[in-house]
Amino acid sequence: MHPFLKRLFASPSAPASTEWQPLRRTPAEVRRHVQWVKQQVYLNWAGPYFKAYHFQKAGVQGQGLRVQLLSEAGRKGAVFFYDPSIGPGNFRHFFDLLRDRVLALGYHLSTSDRRILPHERYTETIEKHFLKPLPNDCSYTGRCVQQFGTVTIDLVSINEQPGFIRFTSNAYQDDIFTPAHSFDELMAAALDMPTAPPEVQALINEYYKG
């Protein structure tokens, strides 16, 4: 992998020159996202990214959206590359949608953060949602159900232009937790959706910029 991409794909917990700041959406952005979800605009990309993920797993060069697999030290995941046909606004909504989908699986949002890293020739911005399974979900054996472990969702942009979303899970290895479900199951729960009907496809431009 190219060194530049390798650094971008690195864990966001690596040391950095700037501090993480709370990621907050304005009331107008929240209302806009709620409307985007209500109109199911996400159907334009959920199924295609899910299909592209499985194409990658099978070693098949598919058409359309690009996905790269991640696997390292217990962390499993996928990178969803931005495509200009999506639009920065839709891509940001899709990033927040993944958070919403994980919350619906019995998670709580531990942190939402943002940091800006200035470099000599470009500026890198990372927005991150970090989610944990609810701590009170324990089985009759006394072992807590960890679901998929912790889940991290990153949106990485260069010079304010979206580059990719990194979607990963990291299982707890402690014996107090039940075994984690697979990342494949997490992908299915988050993105296995039907094809967008024509009236939903027609909404892409409405949210293209935000």
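See the structure printed just above.
Per chain, residues are indexed from 1 in the order of the written sequence. Note on the predicted model: pLDDT of at least 70 is required for a residue's local features to be given, and 80 or more for side-chain atom pairs to be given and counted; whole-chain, interface and lining totals, by contrast, use all residues. Only hydrogens and water are set aside; all other atoms, that is, all heavy atoms of the structure, feed into the side-chain values.

I keep staring at the packing of helix α3 (residues 46-57) against helix α5 (residues 183-191) and nothing clicks. Help me out?
Two packed helices can be described by the angle between their axes and the distance between those axes. Fitted lines through C-alpha atoms give the axes, limited to the stretch in contact for helices. The angle between two N-to-C directions lies from 0 to 180 degrees. Segments assigned H or I by DSSP are reported as helices when at least four residues long, segments assigned E as strands when at least two residues long, and all are numbered from the N terminus. Two elements in contact, α3 and α5, have axes separated by 9 Å at closest approach and are oriented at 160 degrees. Looking at the two axes, α3 sits roughly antiparallel to α5. Handedness of the α3/α5 crossing: left-handed. Contacts from Ala46, Gly47, Tyr49, Phe50, Tyr53 and Lys57 in α3 reach Phe183, Asp184, Met187, Ala188 and Leu191 in α5. Looking at side-chain class alone, the contact of α3 with α5 contains eight nonpolar, one polar and two charged residues. Small angles under 35 degrees read as roughly parallel and large ones over 145 as roughly antiparallel, with 65 to 115 read as roughly perpendicular and the rest as oblique. When the near helix sits turned anticlockwise from the far one by under a right angle, the crossing is termed left-handed; a clockwise turn instead gives a right-handed crossing. Contact criterion: two residues are considered in contact whenever any of their non-hydrogen atoms come within 4.5 Å of each other. In the scheme used here, Gly and all other residues not listed as nonpolar or charged are polar, with Ala, Val, Leu, Ile, Met, Phe, Trp, Tyr, Cys and Pro taken as nonpolar and Asp, Glu, Lys and Arg as charged.

Explain the pattern of salt bridges to me, please; I cannot follow it from the model alone.
Should the charged atoms of two oppositely charged side chains come close, the side chains can pair. One speaks of a salt bridge when a side-chain nitrogen belonging to Lys or Arg is within 4 Å of a carboxyl oxygen belonging to Asp or Glu. Scanning the entire structure with this criterion turns up eight salt bridges. Arg99 is paired through a salt bridge with Asp96; the nearest N and O atoms lie 3.8 Å apart. With a gap of three residues between them, Arg99 and Asp96 both fall in helix α4 (residues 88-103), about one helical turn apart. Relative accessible area decides the class of each residue, using a 1.4 Å probe on protein chains only: under 20% of the type maximum gives buried, over 50% gives exposed, and in between gives partly exposed. For Arg99, a relative accessible area of 15% translates into the label buried. The exposure class of Asp96 is buried, given its relative accessible area of 3%.

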